[in-house]
Amino acid sequence: MQFQYVERSKSFGVINMNARLLILGVILAIFVVLFNLLAPKTENEVTFQEGIFDQAIVSKIEANSRIYPDKTEISLAVILGDSVQYLGILKEGHSLVSVENEDKLFEIGSISKVFLTTLLTICLEQGYLELDDPIQEHLPIELSEYELAGQTVLIQHLANHSSGIHALPEGLIKDYEYEISDEDEIAIVSKYLSQNCTYDFKPGSSYAYSNLGMSLLCMIVCDKLGGDFESLVDYHIGRQIGLENTIVNLSPAQRQQMVVGYNEMGAVAPLIISDLYVCSGSLKSSTRDMVKFVKANMDDLAPFVWSHDKTYEIDEDYDVALGWHYSKMHAERVYYHHGGTMGYSSGIAFEKDNKVGIVVLTNISALLKDRPDITKLMYDLFGQIEQKIARVNT
């Protein structure tokens, strides 16, 4: 499977996709190489057949398996049909130690967005919104401009990153808990957008990853469903599929479960605390919960499946659904989303026909730089898993 990830703009702002995929590729690589050595905990015993990866790929994995800092913690899961294999790794000095961390909590960053678009589909199903509704009919704040070149921003433009709305200037609001909190972040942003909303391109004519666009969508969805993002995720998603630790605000007990994140300098990283970006990147979750979320999407359960249809074509290789991105460079679509914050990186991907999914949560900063350019590795390995399993099953 040949993937070439489309770069997107920096967010919270800091993370470009190449750096994020580099991190995720190496993490999954470590999982494969260390599987037999670290005796991971299993649900529904899964056995990876000997030789599932050829020597060239194994050698590449081994060459890049120890480049991350001390105290790096990795929590992974591979979903094969109804079976799940968990693996936890903690780096201590030059050693890699097996840990049981599938119930530990990590920031999942922008993966929060596909929870938001799942809530959006509930609004669509219940008749509160239509994808082609102009946003000014529903947005609870005022923008100085709603259109460019005769095209108004529609709900679907916010959900597929094609609105063209120019990003907020850096430093307008405070995003992290170690900063002095804004008294009213939404008021600050509302005032700015009521005077300075501009566009980088005609809505619907191009793709540019936008935290601001998703934040405006968040305001609309939360208003229509009558609650805050965390409570709506719990009621409409968490209770349906049994999520236990997918939250915005940590209880004292959940704070004890939280894996400490480290920034690019190795210092303890703050968590995201943002009213504006709550739907764009504030969720925390566990690998066990994320497996349930991926499986619900992979199994085409409602309302999850309603977010999977194409709404925008990036190019001949990639499309956007609602929040989800997917690759067309294989016989089956591979849906994916990633998340990156100051102290965490994460990724999920799945393919429905062969029922293959991957969850990767880490406390590796998405700001790490100067790493080998192996951004395709996670997707190469995903493809290898599918191909080898297909051969075993024939």
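See the structure printed just above.
Residues numbered from 1 in each chain as written. Predicted model: local features only at pLDDT ≥ 70, side-chain atom pairs only at ≥ 80, totals over all residues. Heavy atoms only, no water.

A. The overall build of the chain, seen in detail. The helix and strand tally for the chain stands at 11 helices and 14 strands. Taken across its 394 residues, the chain has 59% of its residues classed as buried. For the chain, the proportion of contacts with a sequence separation of at least 24, taken over those separated by at least 6, is 72%. In the form shown here, the chain has an accessible surface area of approximately 15,700 Å², with 46% of it arising from carbon and sulfur atoms. (Helix = DSSP H or I, 4+ residues; strand = E, 2+ residues; numbered from the N terminus. Buried < 20%, exposed > 50% of the residue type's maximum accessible area, 1.4 Å probe, protein only. Contact = heavy atoms within 4.5 Å. Areas by Shrake-Rupley, 256 points an atom, 1.4 Å probe, with all protein chains shown as cover.)

B. Molecular detail of the packing of helix α3 (residues 112-125) against helix α6 (residues 211-225). The interhelical angle for the contact between α3 and α6, taken along N-to-C directions, is 40 degrees, at an axis separation of 10 Å. As the angle between them shows, α3 and α6 are arranged oblique. In this structure, the crossing between α3 and α6 has a hand that is left-handed. Residue-level contacts link Lys113, Leu116, Thr117, Leu119, Leu120, Ile122 and Cys123 of α3 to Asn211, Met214, Leu217, Cys218, Val221, Lys224 and Leu225 of α6. Class assignment of the residues belonging to the contact of α3 with α6 gives a composition of 10 nonpolar, 2 polar and 2 charged. (Axes fitted to C-alpha atoms, helices over the stretch in contact; angles between N-to-C directions. Parallel < 35°, antiparallel > 145°, perpendicular 65-115°, else oblique. Left-handed = near helix turned anticlockwise from the far one by under 90°. Nonpolar A, V, L, I, M, F, W, Y, C, P; charged D, E, K, R; others polar.)

C. Molecular detail of the state of the cysteines. By the definition in use, this model includes 1 disulfide. Of the cysteine sulfurs around Cys222, a residue in no disulfide, the closest is that of Cys218, at 3.9 Å. (Disulfide = S-S within 2.5 Å.)

D. How the structure looks around the nonpolar core. Core analysis: the largest hydrophobic core is formed by 76 residues, its most contacted members being Phe115, Phe229 and Phe293. Here this core takes 10 residues from α6, the largest share from any one element. Excluding anything up to four places from it in sequence, Phe293 contacts Val114, Phe115, Thr118, Ile237, Ile241, Phe304, Trp324 and Ile348. Among the nonpolar cores identified, the runner-up in size contains 7 residues, and Ile74, Leu76, Ile89 and Leu96 belong to it. (Core = buried A, V, L, I, M, F, W, Y, C linked by side-chain atoms within 4.5 Å.)

E. Quick peek at the side chain of Ser307. Following the sequence through the fold, Ser307 ends up in the loop between α10 (287-298) and β9 (312-313). Note on Ser307: relative accessible area 0%, which makes it buried. One polar contact links Ser307 to Trp324, side chain to side chain, over a distance of 3.4 Å. Beyond its immediate stretch of four places on either side in the chain, Ser307 contacts Thr117, Thr118, Thr121, Asn297, Ala321, Leu322 and Trp324. (Polar contact = N/O pair within 3.5 Å; in protein donor to acceptor, adjacent residues only side chain to side chain.)

F. Region of interest: a nonpolar patch on the surface. Taken together, the side chains of Tyr178, Val260 and Val268 present a nonpolar region at the surface, about 290 Å² in accessible area. Counting through the fold element by element, Tyr178 comes out in the loop between α4 (155-159) and α5 (185-196). We classify Tyr178 as exposed; its relative accessible area is 54%. (Patch = residues over 30% accessible without salt bridge, like charges linked within 9 Å, V, L, I, M, F, W, Y side chains within 5 Å. Salt bridge = Lys/Arg side-chain N within 4 Å of Asp/Glu carboxyl O.)

G. Unusual backbone geometry, seen in detail. Each neighbour pair has its own omega, and for Ala302 with Pro303 the value is 5 degrees, a cis peptide bond. Inspection of the secondary structure assignment puts Pro303 in the loop between α10 and β9. Unlike most non-glycine residues, Lys71 shows phi in positive territory, near 75 degrees. The topology assignment puts Lys71 in the loop between α2 (55-63) and β2 (73-80). For Lys71, a relative accessible area of 40% gives the class partly exposed. The backbone phi angle of Lys355 is positive, close to 55 degrees, even though this residue is not glycine.

H. Spatial organisation of the packing of α3 against helix α7 (residues 229-241). Running from N to C, α3 and α7 point in directions that differ by 65 degrees, and their axes come no closer than 10 Å. Here α7 runs roughly perpendicular to α3, going by the angle between their axes. For α3 against α7, the interelement crossing comes out left-handed. Here Ser112, Phe115, Leu116, Thr118, Leu119 and Ile122 of α3 lie close against α7, whose contacting residues are Phe229, Leu232, Val233, His236 and Ile237.

I. Fine view of the environment of Thr341. Within the fold, Thr341 resides in the loop between β12 (334-340) and β13 (345-351). A polar side-chain atom of Thr341 sits 2.7 Å from a polar atom in the side chain of Glu107.

J. Structural context of the pattern of salt bridges. One pass over the full model with this rule turns up 8 salt bridges. Ionic pairing is found between Glu313 and Lys328, a salt bridge with its closest N-O pair at 3.3 Å. Separated by 15 residues along the polypeptide, Glu313 in strand β9 and Lys328 in the loop between β11 (325-327) and β12 bring together distant segments of the chain. On the accessibility criterion, Glu313 (39% relative accessible area) is partly exposed. For Lys328, a relative accessible area of 28% corresponds to the partly exposed category. One salt-bridge network, in which partners are shared between bridges, spans Lys310, Glu313, Asp319 and Lys328.

K. Spatial organisation of the packing of aromatic side chains. Under the counting rule described, the total for this entry stands at 7 aromatic pairs. Aromatic side chains Phe293 and Phe304 sit 5.9 Å apart centroid to centroid with 85 degrees between the ring planes, which places their arrangement in the edge-to-face category. With Phe293 in helix α10 and Phe304 in the loop between α10 and β9, the pair connects residues that are 11 residues apart, well separated along the chain. Residues Phe293 and Phe304 agree in their burial class; the two are buried. Between Tyr326 and Tyr335, the ring centres sit 5.1 Å apart and the planes meet at 50 degrees, which makes this aromatic pair tilted. The buried category is assigned to Tyr326, whose relative accessible area is 1%. The class for Tyr335 is buried, based on a relative accessible area of 3%. By the ring-pair criterion, three or more aromatic residues cluster together here, those being Phe115, Phe293, Phe304, Trp324, Tyr326, Tyr335 and Phe350. (Phe/Tyr/Trp six-rings, centres within 6.5 Å; stacked < 30°, edge-to-face > 60°.)

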